[in-house]
Each structure stands twice: as C-alpha cells, then as structure tokens.
Amino acid sequence: LYDELAIIDIASGEIEERLPLPDGIVFVDNVTDVESQLAWSPDGQRLFVAWETPTTPGEIYELPEATRWTFAGGAGLPGARRPRAATYRSFDGLRIPAVHYRVDGAPRPTVVLFHGGPEGQARGNFNQTAQLLLAGGFDVLMPNLRGSTGYGIEFFSLDDKELRWDSVRDGCEAARYLKREGMATRTAAFGGSYGGFMTLAVLVEDPELWDAAVD
C-alpha cells in the first residue's frame, strides 16, 4: 500500500541503504507519475518530495531525513480511516490485490471502486471519495485488476489486446468475493475514466451481480 525509499547502486542494481520514512506514506497521486512529485533544490544538494497518507493530504518533505516542510493542519477528513491490503482469486485462479476500506463489524453495502488507467494502481493515497463513502455507510474495495501497474511486467501484460475482458471478469470476481466472504450486503460498481469503462463493462459481463453502478 505504501512507499519505501532506498539508495540503489545503478550499475549492480543492489540496494545500498534503506532510508526510514514516516509510517504509511505514499507519493501524491499515482505511482506511474512519481517524477512529477520530485524536485531538486537549485544547488542540486537537496531533494524534495510530495507525500500523503490515507488520512491526510499531500505534504512536502526533504530527503534523506524526511524533514517535513509544510503543515496542512486540519485539511484531513474527520474520522478518516486507513485501508488494509486484501487479495482474492479470480476466475482462473490469479490472485488479485486490492485496497480495502472496511468498518469492522456487521457487513455493509460495499462499493467496488475501479481505478483509472488502465495503467494505474490503487494504493494508500488520500482518497476523498473512499473516505466519504465510508462516512456515508459504505465500505470500499479498490481492486488492482490484471493490467495494473506495480506487480511486474507479466501481471501488467495480462489484459493486453484480446485479453482485456479477463480484467473485466476480475472486476466481477471482486463483488463475488465480497458476498462469498460475508463482507458485503450489496455491491455497487463505481469509477471514472478507465474506471468508468470498467464499471460499464462489469454490468455487461454480469448485470445481476450488481445492485447499483456509477460511471
């Protein structure tokens, strides 16, 4: 869910040192666009990064000591929760990783929130949509369907060309997993951009599976 920071020898690819980071921190926005969250000082001696957590929006830190430079104060959402990592098996046995925002206790209606892309990844970012749904009485599962980034080139290629509909089946299996494990009373599909396509596609694949959908 979260970022790690290390100094790597480019020639050998070996990790020379792992640098300590604040708990549960992740680059602002999307992991595929990390370079836009980095900036060197004019003298080239200091590196600044934009990081956020699931419960607080982005702040600026200086590396390598992770010195924090900005303080947004009350910009977070009251009652915001951290997600947990989850996995489920899809129709062909492939394990699909997911980010699960869940209130412990009785099962609740759950929104399956599909990320954009398709070359994207749901992580432990500050996600206002997920937090507001939680506060409104819904749990949220954010699956990283085959074709998502962050899990190696093989996983990334599993939805190429004629294989695209396999990722749609992954999306349907997310809802089946929630119901099978007794974690959801109802399921809704939700997403924008490529996530909007996925929302419509899972309705085509299995319209009886979903109680609601928002493209």
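These numbers were taken from a predicted model, which means no experiment stands behind them.

Undergrad: I would appreciate a short explanation of unusual backbone geometry in the present structure.
TA: Residues other than glycine predominantly adopt negative phi, and peptide bonds predominantly adopt the trans conformation. Note that the residue after Gly117, namely Pro118, is joined by a cis bond; omega there is 15°. Positionally, Pro118 belongs in the loop between strand E10 (108-114) and helix H1 (128-135). In this structure, Ser193 takes a positive phi of about 60° despite not being glycine. Examined against the element boundaries, Ser193 turns out to sit in the loop between strand E12 (184-191) and helix H4 (194-205). Taking relative accessible area as the criterion, Ser193 reaches 67% and is therefore assigned exposed.

Undergrad: Would you mind going over the sheet that holds strand E9 (residues 95-101) with me for this structure?
TA: Sheet strands pair by backbone hydrogen bonding; their relative direction is either parallel or antiparallel. Here we have six strands laid out as an open sheet, ordered E8-E9-E11-E10-E12-E13, and mixed in their pairing. Each edge of the sheet is formed by a strand with only one pairing partner; in this case those strands are strand E8 (84-89) and strand E13 (212-214). Within this sheet the neighbouring strands show an average axis-to-axis angle of 30°, counted without direction. In terms of strand pairing, E10 meets E12 through six bridges, oriented parallel. Paired with Thr110 across the strands is Thr187, a residue of E12. Across the sheet, helix H3 (residues 164-180) is in contact with E8, E9, E10, strand E11 (139-143) and E12; its angle to E8 comes to roughly 105°. Seen against the sheet, H4 touches E10, E12 and E13 and runs at an angle of roughly 130° to E12.

Undergrad: Would you take a moment to explain H4 for this structure?
TA: Every α-helix carries 3.6 residues per turn, so stepping three or four residues along brings you back to the same face. Look at H4: 16 Å from first C-alpha to last across twelve residues, which is about the 16 Å you get at 1.5 Å a residue. Looking at H4, one finds that the buried residues are Tyr194, Gly195, Gly196, Met198, Thr199, Ala201 and Val202.

Undergrad: Explain the pattern of salt bridges to me, please; I cannot follow it from the model alone.
TA: For side chains bearing opposite charge, pairing can occur when the charged atoms are close. Per the counting criterion, the structure on display carries 13 salt bridges. As a salt-bridge pair, Glu59 and Arg68 come within 3.1 Å of each other at their nearest N and O atoms. Since its relative accessible area comes to 6%, Glu59 is described here as buried. Between Asp166 and Arg169 there is a salt bridge, and its shortest N-O distance comes to 2.8 Å. Separated by three residues within a single helix, Asp166 and Arg169 lie in helix H3, roughly one turn from each other. Residue classification places Asp166 among the buried positions, given a relative accessible area of 16%.

Undergrad: Explain the packing of H3 against H4 here, please?
TA: For any two helices packed against each other, the geometry is given by the interaxial angle and the distance between the axes. Between H3 and H4, the least distance of the axes is 9 Å, while the angle of their chain directions is 80°. Relative to H4, the element H3 lies roughly perpendicular. Note on element contacts: H4 touches H3 through Tyr194, Met198, Ala201, Val202, Val204 and Glu205, opposite Arg164, Trp165, Ser167, Val168, Arg169, Gly171 and Cys172. Looking at side-chain class alone, the contact of H3 with H4 contains eight nonpolar, two polar and three charged residues.

Undergrad: It is not clear to me how the pairing of E11 should be interpreted in this structure. Could you clarify?
TA: As a general feature of sheets, a regular strand has side chains that alternate between the two faces. By the criterion of burial, E11 is predominantly enclosed, with five of the five residues buried. Burial of E11 is two-sided: the residues Asp139, Leu141 and Pro143 facing one way and the residues Val140 and Met142 facing the other way are all buried. The pairing of E9 with E11 spans four bridges and is classified as antiparallel. Counterpart to Tyr101 in the pairing with E11 is Val140. As paired elements, E10 and E11 share three bridges and run parallel to each other. For Val111, the partnering residue across the bridge sits in E11 and is Val140.

Undergrad: Just checking my understanding: could you explain H3 for this structure?
TA: Counted at 1.5 Å a residue, the expected span for H3 with its 17 residues is 24 Å, and the 25 Å between its end C-alpha atoms agrees. Here the buried face of H3 lies against E8, E9, E10, E11, E12 and H4. Looking at the residues trailing H3, positive phi occurs at Gly182, about 70°.

Undergrad: Looking at this structure, how should I read the nonpolar core?
TA: Here is a general trend for soluble globular proteins: nonpolar side chains tend to be buried in one another's company. Core analysis: the largest hydrophobic core is formed by 24 residues, its most contacted members being Phe114, Tyr177, Leu178, Met198, Val202 and Trp210. Mapped onto this core, the elements with two or more residues apiece are E8, E9, E10, H3, E12 and H4. In terms of residue count, H3 provides more of this core than any other element does, six residues in total. By size, the runner-up hydrophobic cluster in this structure holds twelve residues, among which are Tyr101, Ala122, Leu133 and Ala188.

Reading the values: rules and limits
Per-chain numbering applies: the sequence of each chain, read as written, is numbered from 1 onward. In view of the model being predicted, local features appear only for residues whose pLDDT reaches at least 70, and side-chain atom pairs are presented and counted only at 80 or more, with totals across whole chains, interfaces and linings using the full set of residues. Values shown for side chains rest on all heavy atoms present in the structure; no hydrogens or waters enter the calculation. Only DSSP runs of H or I with at least four residues qualify as helices, and only runs of E with at least two residues qualify as strands; both kinds are numbered from the N terminus onward. The rule is simple: take the accessible area with a 1.4 Å probe, protein chains only, and divide by the maximum for that residue type; under 20% is buried, over 50% is exposed, in between is partly exposed. A pair of strands counts as paired when DSSP detects no fewer than two bridges linking them. For every element, the axis is a line fit to its C-alpha atoms; helices are fit only across the contacting stretch, and the angle between N-to-C directions ranges from 0 to 180 degrees. Contacts: residue pairs with any heavy atoms within 4.5 Å of one another. To estimate how far a helix should reach, multiply one less than its number of residues by 1.5 Å. Only one rule defines a salt bridge in this text: a Lys or Arg side-chain nitrogen within 4 Å of an Asp or Glu carboxyl oxygen. Any angle from 65 to 115 degrees is called roughly perpendicular, while one under 35 is roughly parallel, one over 145 is roughly antiparallel, and all others are oblique. Amino acids outside the nonpolar list (Ala, Val, Leu, Ile, Met, Phe, Trp, Tyr, Cys, Pro) and the charged list (Asp, Glu, Lys, Arg) are all regarded as polar, and Gly is one of them. Definition of nonpolar core: a set of buried residues of the types Ala, Val, Leu, Ile, Met, Phe, Trp, Tyr and Cys, connected through side-chain atoms within 4.5 Å.

It is worth stressing that arrangement in space is one thing and function is another; only the former is reported here.
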